[in-house]
There are 2 protein chains.
Amino acid sequence: MSQKTYTISELAKEFGVTTRTIRFYEEKGYIHPLREGSKRLFSAADRVRIQLILRGKRIGLSLQECVEVIDMYDPKHNNAEQLHSLKATVQERRALLERQQTDINDMLEGLAEVEALCEQALKNAAADEKAHG
Amino acid sequence: MSQKTYTISELAKEFGVTTRTIRFYEEKGYIHPLREGSKRLFSAADRVRIQLILRGKRIGLSLQECVEVIDMYDPKHNNAEQLHSLKATVQERRALLERQQTDINDMLEGLAEVEALCEQALKNAAADEKAHG
DNA sequence: GCTTACCTTTACGTTAACGTAAAGGTAAGC
DNA sequence: GCTTACCTTTACGTTAACGTAAAGGTAAGC
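For clarity, every value in this text was computed on a predicted model and none was experimentally measured. (Residues numbered from 1 in each chain as written. Chains lettered and ligands numbered in written order. Predicted model: local features only at pLDDT ≥ 70, side-chain atom pairs only at ≥ 80, totals over all residues. Heavy atoms only, no water.)

A. Layout of the overall build of chain A. Along chain A, the regular secondary structure elements total five helices and two strands. Going residue by residue from the N terminus, the α and β elements of chain A occur as α-α-β-β-α-α-α. When the 133 residues of chain A are sorted by exposure, 33% land in the buried category. Within chain A, residue pairs in contact and separated by at least 24 positions form 44% of the contacts whose partners lie at least 6 positions apart. For chain A, the exposed surface amounts to about 8400 Å²; the carbon and sulfur share of it is 51%. (Helix = DSSP H or I, 4+ residues; strand = E, 2+ residues; numbered from the N terminus. Buried < 20%, exposed > 50% of the residue type's maximum accessible area, 1.4 Å probe, protein only. Contact = heavy atoms within 4.5 Å. Areas by Shrake-Rupley, 256 points an atom, 1.4 Å probe, with all protein chains shown as cover.)

Set out below in structure tokens:
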């Protein structure tokens, strides 16, 4: 049984990006799909990798940073000499992400307040309408 | 008693950005410091606004998006006609931020695992060292 | 066999968010 | 009065992450 593969437009549609975006990622060496003739053939692993890249992007990482984080999950980069520096990188990234969480929480709180104010004002406007309109 | 003001380099230093960044924000109309002769004088309100912009940036908003969110807090934009569209904008932004939180949580979990693996491998390496070195 | 819907490469264009260099004004301290 | 440390404006440069256009190959369906 051969593995399931995907075309470029299938993945583009699934992830809500253009085919240009996916080609760009290959151009930069972030993904390496196989070829069938000249056409790209994406494996399940390619698909997951693109998914991870886009997830990283959503939290504000650059593409470069995305693949750095993703490659941390790859066992072949875990040779003993690099473990110390890898750990440092992970912890640094972690601190940054935790700071982002704080920022997001602050903003969500603020937005909840504004939303409540809006609803109150809308109610008042509606009551006003009823009384005078 | 006159209000406390700040120079451009004071704020740049406090927030860890260059003076160019702050001038750029004014250039784009995101802040409007007063002038004393040709020199910029930043009020406490200016300072807070810059702080909010930088906080927005940290969670991946564009400058434009930052000021849009910030201006939601400004009562003078809350006239009745715009409340509905304002509320929609707020909720949209909120959904996006919550998605980002999910993404960040996923990534933190993954990084915690990798970190644990690293520490284990380092321990093993140290034990190995002791046994054979 | 010809449309239609895909796919390909090459290559120049675009926007955001500043960086950087040039050229100069000003106020404080020795 | 001259250095030092600030401040100013103008203007061209840079990087990331694609967009877009041109020019063409291919496979399926009528």
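After that view of the structure, there is still more to cover.
B. Geometry of the relation of the copies chain B and chain A. Its rotation angle being 180°, the transformation that places chain B on chain A also includes 0.0 Å of axial translation and leaves an RMSD of 0.1 Å. Expressed as a symmetry operation, the mapping of one chain copy onto the other fits a two-fold axis. Identified as the residue of chain B closest to the rotation axis by C-alpha distance is Gly-60 of chain B, at 2.3 Å. Both copies contact each other with a shared surface, as 100% of the interface residues of chain B are interface residues in chain A too. (Least-squares fit on C-alpha atoms with pLDDT ≥ 70 in both.)

C. Structural view of the packing of helix α1 (residues 8-15) of chain A against helix α2 (residues 19-27) of chain A. Residues and elements named next belong to chain A. The geometry of α1 relative to α2 is characterised by a closest axis approach of 8 Å and an angle of 110° between their N-to-C directions. One element, α1, and the other, α2, form an angle in the roughly perpendicular class. Here the hand of the crossing between α1 and α2 comes out right-handed. Counted together, Ile-8, Ser-9, Leu-11 and Ala-12 of α1 and Thr-19, Ile-22 and Arg-23 of α2 form the full contact between these two elements. Looking at the contact of α1 with α2, its residues break down into four nonpolar, two polar and one charged. (Axes fitted to C-alpha atoms, helices over the stretch in contact; angles between N-to-C directions. Parallel < 35°, antiparallel > 145°, perpendicular 65-115°, else oblique. Left-handed = near helix turned anticlockwise from the far one by under 90°. Nonpolar A, V, L, I, M, F, W, Y, C, P; charged D, E, K, R; others polar.)

D. View of the pattern of salt bridges. Going through the model one piece at a time under the given rule, you end up with 14 salt bridges over all chains. Arg-40 of chain B is the partner of Glu-26 of chain B in a salt bridge, and the nearest nitrogen-oxygen pair spans 2.4 Å. Pair noted here: Glu-26 of chain B is in helix α2 (residues 19-27) and Arg-40 of chain B is in strand β2 (residues 39-41), with a separation of 14 residues, a long-range link. Note on Glu-26 of chain B: relative accessible area 18%, which makes it buried. A network of salt bridges, in which partner residues are shared, links Glu-26, Arg-35 and Arg-40 of chain A. (Salt bridge = Lys/Arg side-chain N within 4 Å of Asp/Glu carboxyl O.)

E. Here's a closer look at the packing of aromatic side chains. One pass over the full model with this rule turns up three aromatic pairs over all chains. Through a chain of ring-to-ring contacts, the aromatic side chains of Phe-24, Tyr-25 and Tyr-30 of chain A assemble into a single cluster. (Phe/Tyr/Trp six-rings, centres within 6.5 Å; stacked < 30°, edge-to-face > 60°.)

F. Quick peek at the protein's contact with DNA strand D. Surveying the vicinity of DNA strand D reveals 16 residues, the closest of which are Thr-18 and Tyr-25 of chain A together with Ser-9, Arg-23 and Arg-40 of chain B. In DNA strand D, atoms within 4 Å of the protein come from the sugar-phosphate backbone in 70% of cases. Between DNA strand D and the protein, one listed contact pairs a phosphate oxygen with a side-chain N or O atom of Lys-57 of chain A at 3.0 Å. Within the side chain of Thr-7 of chain B, one N or O atom sits 3.4 Å away from a phosphate oxygen of DNA strand D. Elements with a minimum of two residues in the surface near DNA strand D: α2 of chain A together with α1 (8-15) and β2 of chain B. Sort the elements by how many residues they give to the surface near DNA strand D and α2 of chain A lands first, with four residues. For the surface near DNA strand D, the per-class residue count stands at four nonpolar, six polar and six charged. (Near = heavy atom within 4 Å. Polar contact = N/O pair within 3.5 Å; in protein donor to acceptor, adjacent residues only side chain to side chain.)

G. Structural detail: the protein's contact with DNA strand C. Near DNA strand C, the surroundings consist of 16 residues, among which Ser-9, Arg-23 and Arg-40 of chain A together with Thr-18 and Tyr-25 of chain B are the closest. Counting only the atoms of DNA strand C within 4 Å of the protein, the fraction contributed by sugar and phosphate is 71%. Arg-20 of chain B has a polar side-chain atom sitting 3.1 Å from a base nitrogen of DNA strand C. Counting only elements with at least two residues in the surface near DNA strand C, the list comes to α1 and β2 (39-41) of chain A together with α2 of chain B. The element best represented in the surface near DNA strand C is α2 of chain B, accounting for four residues. Looking at the surface near DNA strand C residue by residue, the classes come out as four nonpolar, six polar and six charged.

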